[in-house]
Amino acid sequence: MVKLNEIEIAALKKYRLSTEEAAPYETIKGLDLLNDDLMKRIFDKKLQEKLNTDKQNVIGSMLVKRYAFIAALVLYSMSVFDKGINSSIENVSLQTDENDPLWLPSFNFGNLEVTTPGSDRADWRAEVVQTLFLKNITKVVSSISSQTKIAKSVLWENIAVYVFWMYETLLKDESLTNEQYSKVQEDFHYVVIDAPPSLFGTKSRNPLSQFYQPKQNDIRTRKTCCLFYVTSTNGDRCTTCPIECSKTFIKEDAKNGS
Ligand code: SF4
């Protein structure tokens, strides 16, 4: 039985790993995210207020932005520690903090035993990626998309942005050995380009690939609008956003809910 060690746990806490279970009223089971009635209650009771909007599509997008951290957490563990966390939806719960104004949940895994590569790292890696996406994120994306009527492409881009951010930050880490650097680079390419659609449960393509385009002036232009601007309390535009958010665009986008 292999587990994460203390150093690895400390590193993964930066990606919101939680090793302690929160009180039941501060816990959302992964499976709850797939339950329409439960989610409607969470949307109405908690998220509307925290996210400063009652627009369901905006809440759906913001929720998946926060959920995307699980991808960074699991992939970091895979690429840096060679440890595969069981990220199937049944094993995950979100730990929330009622006093956190930003509502940034952390992730608790009921069973924190991990798998290791063994003799075939490529097979092991495919399994880790498949568990993360097919057995978790794809289900959440489908569920939130149908519950809140937001396009899946927006939700997939929300996930993709965090995957890119995690790997691109990691590749700047000067403490990586040459061997680690090559492995991280290769894993990054695999996850966003080479991993087949079957690992994601999507029909024809890897759902992350379409969003992986070169940065310009250190910014990768989003293809879809995440609707973050709707949650702004004082009507601020998104200053760092690559999408030109003209007034017309905002109104039309909010109206269309995409
Ligand atoms: S304009 Fe704002 S709301 Fe739209 S994608 Fe950019 S950050 Fe998100």
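Everything quoted here is computed from the prediction, not taken from an experiment.

Draft legend 1. Spatial organisation of the sheet that holds strand β4 (residues 84–85). What the three strands build is an open sheet, ordered β1-β7-β4; its pairing is antiparallel. A single partner strand is all that each edge strand has here, and the edge strands are β1 (2–3) and β4.

Draft legend 2. Seen up close, the pattern of salt bridges. Taken as a whole, this structure holds eleven salt bridges when the rule is applied. Here R222 makes a salt bridge to E157, at a shortest N to O gap of 3.8 Å. One end of the pair, R222, is in the loop between α7 (178–194) and α8 (247–256); the other, E157, is in helix α6 (residues 152–170), and 65 residues separate them in sequence. For the pair R222 and E157, a shared accessibility class is recorded, and that class is buried.

Draft legend 3. Spatial organisation of the side chain of K46. Checked against the element boundaries, K46 lands in helix α2 (residues 36–51). By relative accessible area, K46 is classed as buried at 17%. Engagement of the side chain of K46 in a polar contact is seen with the backbone oxygen of Y25, the distance being 3.3 Å.

Draft legend 4. The side chain of D187, seen in detail. On the secondary structure map, D187 appears in helix α7. Note on D187: relative accessible area 0%, which makes it buried. With residues near it in sequence (within four places) discarded, D187 still touches M78, S79, R121, R125 and Y167.

Draft legend 5. Local environment of the environment of S198. Residue position: S198 is located in the loop between α7 and α8. Taking C-alpha positions, S198 is 7.9 Å from L134, a pair spaced 64 residues apart along the chain. Setting aside residues up to four positions removed in sequence, S198 forms contacts with Q130 and L134.

Draft legend 6. Local environment of the nonpolar core. Formed by 77 residues in total, the largest nonpolar core has its most connected members in Y67, I137, I159 and V191. Of all the elements, helix α4 (residues 69–81) adds the most residues to this core, at eleven residues. Among residues more than four places away in sequence, those in contact with I137 are Y67, I70, A71, L132, W156 and I159.

Draft legend 7. Seen up close, the pairing of strand β5 (residues 92–95). Of the two faces of β5, the one holding V92 and L94 and the one holding S93 and Q95 are both buried throughout. Inspection of the sheet shows strand β3 (residues 27–29) paired to β5 by three bridges, in the antiparallel sense. Bridge pairing in β5 links I28 to L94. Across four bridges, the pairing between β5 and strand β6 (residues 106–109) is antiparallel. If you follow Q95 over to β6, its bridge partner there is S106.

Draft legend 8. Broad picture of the packing of aromatic side chains. Enumeration according to the criterion identifies 15 aromatic pairs in this entry. Ring centres of Y15 and Y76 lie 4.9 Å apart, and the angle between their planes is 35°; on these two criteria the pair is classed as tilted. Linking Y15 in the loop between α1 (6–13) and β2 (17–18) with Y76 in helix α4, this pair joins segments that are 61 residues apart in sequence. The two residues Y15 and Y76 agree in class, both being buried. Ring plane angle 70° and centroid distance 5.4 Å describe the contact between F188 and Y212, whose orientation is recorded as edge-to-face. Of the two residues, F188 sits in helix α7 while Y212 sits in the loop between α7 and α8, which places them 24 residues apart along the sequence. Exposure remark for F188: the relative accessible area of 6% places this residue in the buried category.

Criteria and thresholds
Residues numbered from 1 in each chain as written. Predicted model: local features only at pLDDT ≥ 70, side-chain atom pairs only at ≥ 80, totals over all residues. Heavy atoms only, no water. Pairing = 2+ DSSP bridges. Helix = DSSP H or I, 4+ residues; strand = E, 2+ residues; numbered from the N terminus. Salt bridge = Lys/Arg side-chain N within 4 Å of Asp/Glu carboxyl O. Buried < 20%, exposed > 50% of the residue type's maximum accessible area, 1.4 Å probe, protein only. Polar contact = N/O pair within 3.5 Å; in protein donor to acceptor, adjacent residues only side chain to side chain. Contact = heavy atoms within 4.5 Å. Core = buried A, V, L, I, M, F, W, Y, C linked by side-chain atoms within 4.5 Å. Phe/Tyr/Trp six-rings, centres within 6.5 Å; stacked < 30°, edge-to-face > 60°.

Any functional reading would require information that these geometric values do not contain.
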